[in-house]
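One-letter residues, chain by chain:
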Amino acid sequence: METFCVVKFKLYPKNPIGFETENIGGLTLEEITNYAIVSLAIPDKNKKVLSKSIFSYYGLNLPDVGKSSISEIDDTRILGIQPSQYFIIFQTNNINPKLHIEKVIKKLGYLTDQSDSWSLIKLTGIKSKNALARICPINLNDELFKVNDVARTSMEYIGVIIIKLTSNEFLLLSPRSSAHSFYHSIKTSADNIL
């Protein structure tokens, strides 16, 4: 008689970078891991109806390209990435990100769950603009790059989406494949402005 042994495996999520918070002088770097990112592409014919659906659910309008809107209902943030394309960022709370957004858009747009494809770092502090100025070609001056503005750029040859949360606080998104290089470039720049 043959006996079989069945091994039960359990998978655990691994953070893209693997650090929680670092304080460097007056700057704080924090890896953000409890957020989902869903890409939304909207056919032009559905834009008005979908805009109304998003407004009724989140209480906000779809932002223009280069802007973001944040919902007072549940802190969901919508980024205007390019014409008719948006990123929707929200806390996961153990829900399926795509299914969560599908109930809002009602098949009026195309969704892709991007949650595992990006690493997120929040950079906070009075010298945050100085640290980013060393590696970011965008002028982050408050008059030009305002709170809730969004831009696609590169930092140290790595693709980045940058969101200005407050005058001295930025959320930086970079592809997971380059997460460690991304973190190293930000940390090195922060180390060198002190």
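Provided above is the structure to which this section pertains.
If you're wondering where the values come from, they're calculated on a predicted model, not measured in any experiment.

Section: the overall build of the protein
Okay, step 1: Regarding its fold elements, the protein presents four helices and eleven strands.
Okay, step 2: Principal-axis analysis of the C-alpha atoms places the extent of the protein at approximately 70 × 55 × 30 Å.
Okay, step 3: Looking at the 194 residues of the protein, the share that counts as buried comes to 46%.
Okay, step 4: The contacts of the protein with a sequence gap of at least 6 include a subset with a gap of at least 24, amounting to 58%.
Okay, step 5: Accessible surface, the protein as shown: approximately 11300 Å² in total, 51% of it carbon and sulfur.
Okay, step 6: For the protein, the separation between the mean place of its 22 positive charges and that of its 19 negative charges on side chains is 5 Å.

Topic: the packing of aromatic side chains
Aromatic rings considered in pairs are described by the distance between their centres and by the relative angle of their planes.
Okay, step 1: On inspection of all chains with the given rule, the structure shows three aromatic pairs.
Okay, step 2: With centroids separated by 5.6 Å and ring planes inclined at 75°, the aromatic side chains of Phe-87 and Trp-118 adopt a geometry described as edge-to-face. Of the two residues, Phe-87 is situated in strand β6 (residues 85-91) and Trp-118 in strand β8 (residues 118-124); the sequence distance between them amounts to 31 residues.
Okay, step 3: Owing to a relative accessible area of 12%, Trp-118 belongs among the buried residues under this scheme.

Concerning the sheet that holds strand β4 (residues 68-70)
Okay, step 1: Taken together, five strands build an open sheet; the order of strands is β4-β5-β6-β3-β7 and the sheet is antiparallel. The sheet is open, and its two borders are formed by β4 and β7 (110-113), each paired with just one other strand. Each strand of the sheet is rotated relative to its neighbour by a mean of 20°, with strand direction disregarded.
Okay, step 2: Pairing of strand β3 (residues 35-41) with β6 involves seven bridges; the strand directions are antiparallel. Bridge assignment links Tyr-35 to a residue of β6, and that residue is Gln-91.

A few points about the pattern of salt bridges
Okay, step 1: Considering all chains together, one arrives at five salt bridges under this definition.
Okay, step 2: We note a salt bridge from Lys-164 to Asp-142, for which the minimum N-O separation is 2.5 Å. Of this pair, Lys-164 sits in strand β10 (residues 158-166) while Asp-142 sits in the loop between α3 (128-133) and β9 (150-155), and the two are 22 residues apart along the sequence.
Okay, step 3: Shared partners join several salt bridges into a network, and the residues in it are Lys-129, Asp-142 and Lys-164.

Quick look at the nonpolar core
Okay, step 1: Core analysis: the largest hydrophobic core is formed by 26 residues, its most contacted members being Leu-29, Leu-132, Met-155, Ile-162 and Leu-172.
Okay, step 2: Only β2 (27-32), β8, α3, β9, β10, β11 (169-175) and α4 (179-192) provide two or more residues apiece to this core.
Okay, step 3: If one sorts the elements of this core by residue count, α4 sits on top with five residues.
Okay, step 4: Contact partners of Met-155, with chain neighbours within four places excluded, come to Leu-132, Ile-135, Cys-136, Val-160, Ile-162 and Leu-172.

Things to note about the pairing of β9
Consecutive residues of a regular strand have side chains that alternate between opposite faces of the sheet.
Okay, step 1: Relative to β10, β9 is paired through six bridges, and the arrangement is antiparallel. Bridge pairing links Arg-152 to Ile-161 in β10.
Okay, step 2: Where β9 hands over to β10, the hairpin turn is made up of two residues, of which Glu-156 adopts a positive phi near 55°.

Side note on the sheet that holds β10
Okay, step 1: Ordered by their spatial adjacency, six strands build an open sheet running β1-β2-β8-β11-β10-β9, and the pairing between neighbours is antiparallel. The open sheet is flanked by β1 (21-24) and β9, the only strands paired with a single partner. Pairwise comparison of adjacent strand axes, ignoring direction, gives a mean angle of 25° for this sheet.
Okay, step 2: Note: β8 against β11, seven bridges, orientation antiparallel. What sits directly across from Leu-120, in β11, is Leu-173.

About the criteria used
- Residues numbered from 1 in each chain as written.
- Predicted model: local features only at pLDDT ≥ 70, side-chain atom pairs only at ≥ 80, totals over all residues.
- Heavy atoms only, no water.
- Helix = DSSP H or I, 4+ residues; strand = E, 2+ residues; numbered from the N terminus.
- Buried < 20%, exposed > 50% of the residue type's maximum accessible area, 1.4 Å probe, protein only.
- Contact = heavy atoms within 4.5 Å.
- Areas by Shrake-Rupley, 256 points an atom, 1.4 Å probe, with all protein chains shown as cover.
- Lys, Arg positive; Asp, Glu negative; His and termini not counted.
- Charge placed at Lys NZ, Arg CZ, Asp CG, Glu CD.
- Phe/Tyr/Trp six-rings, centres within 6.5 Å; stacked < 30°, edge-to-face > 60°.
- Pairing = 2+ DSSP bridges.
- Axes fitted to C-alpha atoms, helices over the stretch in contact; angles between N-to-C directions.
- Salt bridge = Lys/Arg side-chain N within 4 Å of Asp/Glu carboxyl O.
- Core = buried A, V, L, I, M, F, W, Y, C linked by side-chain atoms within 4.5 Å.

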